[in-house]
Amino acid sequence: MATAASLTLLFLIALTAPSLINSSPVQDPEKVVEEVHRRVNASVSRRELGYFSCGTGNPIDDCWRCDSNWEKNRQRLADCAIGFGKQAIGGRNGRIYVVTDSGDDDAVTPKPGTLRYAVIQDEPLWIIFSRDMVIQLKEELIMNSFKTIDGRGASVHIAGGPCITIQYVTNIIIHGLHIHDCKQGGNADVRDSPRHYGWRTISDGDGVSIFGGSHIWVDHNTLSNCHDGLIDAIHGSTAITISNNYMTHHDKVMLLGHSDSYTQDKNMQVTIAFNHFGEGLVQRMPRCRHGYFHVVNNDYTHWEMYAIGGSAAPTINSQGNRFLAPDYRFSKEVTKHEDAPQSDWKNWNWRSEGDLMLNGAFFTPSGAGASSSYAKASSLGARPSSLVGTITTAAGALSCKKGSRC
């Protein structure tokens, strides 16, 4: 007869086994949403069972940062996602690929050892860096499915050129990078797999652009001063978690949803958790359209126009955040209902639950307010807003040293 301990072990193995996810473009975002929602409601993660916890209060960090041998156990990170992107396994179970060359001379025939060469491969890869480096990309870095870019242990800057594009692929983890001063690229051929390259028109100049992607996790990055958005997700993208990032000095921070008329984004589900929205930000933290957005335990210490906005009837579930309004008396409102009269937006489901409002900040709720309205915009349990300072204190790219806790 199986012992209780062996049954528990079998249960944990079943929970953490990778799901069968096709690496082709997202053909049916609604099915992705249904599966993600089912897993969010039904699963019990290893963090929730108390494994590996070192008690910081940040459930992602508690999952891996207390391990002094993190450098030898890098792929444990893939077990630590939360929210709608929690099934993003990136390059887990693939080879470790070490970037040794910071150059990007040829977007069609990239050299082995470069970041571009790594991200276009068909096989799962866990991509790390041999040393500190600044990578100035010649064109957009177009990623293939099942890749992790892991900057831990080095100071890695992607800056001064086009940046990261996640287009029609799945299972991507972006962790521990400095992404800033991103420019437009395009009117050039760019390779996206070993078998294919194609002509790219002018890009938007985002830090991270997610276009028709699913199972994406963007965690512990430092982002600033890009041409368009810092992190944008459009065109049927879904199953995304944006967590532990530190964002500063930028206007239009985060766009989630392509346009009011692009109704395929009704299936979008995004978790925005434990981020620090800091100095020099203006608006769109995020700006949402159509879908379901869980904004939880973030620290908002600066905005000039508004923090959270949207149009086309998105469902926004704001829980346990800390909002510090600017001193300017006409910018105290957290929310902005865009491109619609009050007679329309009064029916959109936007709620603030347990948020801490400071310096006159206020959130304008809308909709019926029934809990059932937010079922598809709920992806994890919010911690009290009084803990936000502690939870987000390490937001951004971490300074990790081999042989000690990160």
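Above: the structure in question.
What you are looking at is a predicted structure, and each value in this text was computed from that prediction instead of being measured.

A few words on the overall build of the chain. Counting its regular elements, the chain contains 6 helices and 31 strands. When each of the 406 residues of the chain is scored for burial, the buried share is 59%. Contacts spanning at least 24 positions in sequence make up 65% of the contacts within the chain whose residues lie at least 6 apart. Total accessible area on the chain is roughly 16000 Å²; 50% of this is exposed by carbon and sulfur atoms.

Such a bond, covalent and formed between the sulfur atoms of two cysteines, is termed a disulfide. What the rule picks out here adds up to 3 disulfides. Disulfide pairing places Cys63 opposite Cys80 at an S-S distance of 2.1 Å. Judged by the sign of its S-S torsion, about -70 degrees, the bond between Cys63 and Cys80 is left-handed. With Cys63 in helix 3 (residues 59-64) and Cys80 in the loop between helix 3 and strand 1 (95-99), the pair connects residues that are 17 residues apart, well separated along the chain. Neither Cys63 nor Cys80 differs from the other in exposure class; each is buried. Between the sulfur atoms of Cys163 and its disulfide partner Cys182 the distance amounts to 2.1 Å. The disulfide joining Cys163 to Cys182 has a torsion of about -90 degrees about its S-S bond and is therefore left-handed. Here the residue Cys163 occupies a position in the loop between strand 6 (156-159) and strand 7 (164-167), and Cys182 occupies one in the loop between strand 9 (178-180) and strand 10 (188-193), the gap between them amounting to 19 residues. Across the pair, exposure class does not vary: Cys163 and Cys182 are buried alike. In the chain, numbering the disulfide-bonded cysteines from first to last in sequence yields the connectivity 1-2, 3-4, 5-6.

Moving on to the pairing of strand 12 (residues 208-211). Of the two faces of strand 12, the one lined by Val208 and Ile210 and the one lined by Ser209 and Phe211 are each fully buried. The pairing of strand 7 with strand 12 spans 4 bridges and is parallel. Bridging across to strand 12, Ile166 finds its partner in Ile210. Bridging between strand 12 and strand 15 (residues 231-234) involves 4 bridges; their strand directions are parallel. Residue pairing in the sheet places Val208 in a bridge with Ile231 of strand 15.

So, about the nonpolar core. Leu115, Phe129, Ile149 and Ile166 are the most contacted members of the largest nonpolar core, which totals 64 residues. Leave out the neighbours within four places in its chain, and Leu115 touches Val99, Asp101, Ile127, Phe129, Ile135, Leu141, Ile149 and Ile158. One finds Cys63, Trp126, Ile128 and Leu398 within the second-largest nonpolar core, a separate group that totals 23 residues.

Now for the packing of aromatic side chains. In this structure the tally under the stated criterion is 7 aromatic pairs. Between Tyr300 and Phe323 the ring centres are 4.6 Å apart and the planes differ by 25 degrees, which places this aromatic pair in the stacked class. Highlighted residues: Tyr300 in strand 25 (residues 299-300) and Phe323 in strand 28 (residues 322-324), separated in sequence by 23 residues. The class of Tyr300 is buried, set by a relative accessible area of 0%. Between Trp348 and Trp350 the ring centres are 5.9 Å apart and the planes differ by 40 degrees, which places this aromatic pair in the tilted class. The exposure class assigned to Trp348 is buried, which follows from its relative accessible area of 8%. An aromatic cluster is present here, built from Phe277, Tyr300, Trp303 and Phe323 joined pairwise through their rings.

The rules we used
Residues numbered from 1 in each chain as written. Predicted model: local features only at pLDDT ≥ 70, side-chain atom pairs only at ≥ 80, totals over all residues. Heavy atoms only, no water. Helix = DSSP H or I, 4+ residues; strand = E, 2+ residues; numbered from the N terminus. Buried < 20%, exposed > 50% of the residue type's maximum accessible area, 1.4 Å probe, protein only. Contact = heavy atoms within 4.5 Å. Areas by Shrake-Rupley, 256 points an atom, 1.4 Å probe, with all protein chains shown as cover. Disulfide = S-S within 2.5 Å. Pairing = 2+ DSSP bridges. Core = buried A, V, L, I, M, F, W, Y, C linked by side-chain atoms within 4.5 Å. Phe/Tyr/Trp six-rings, centres within 6.5 Å; stacked < 30°, edge-to-face > 60°.

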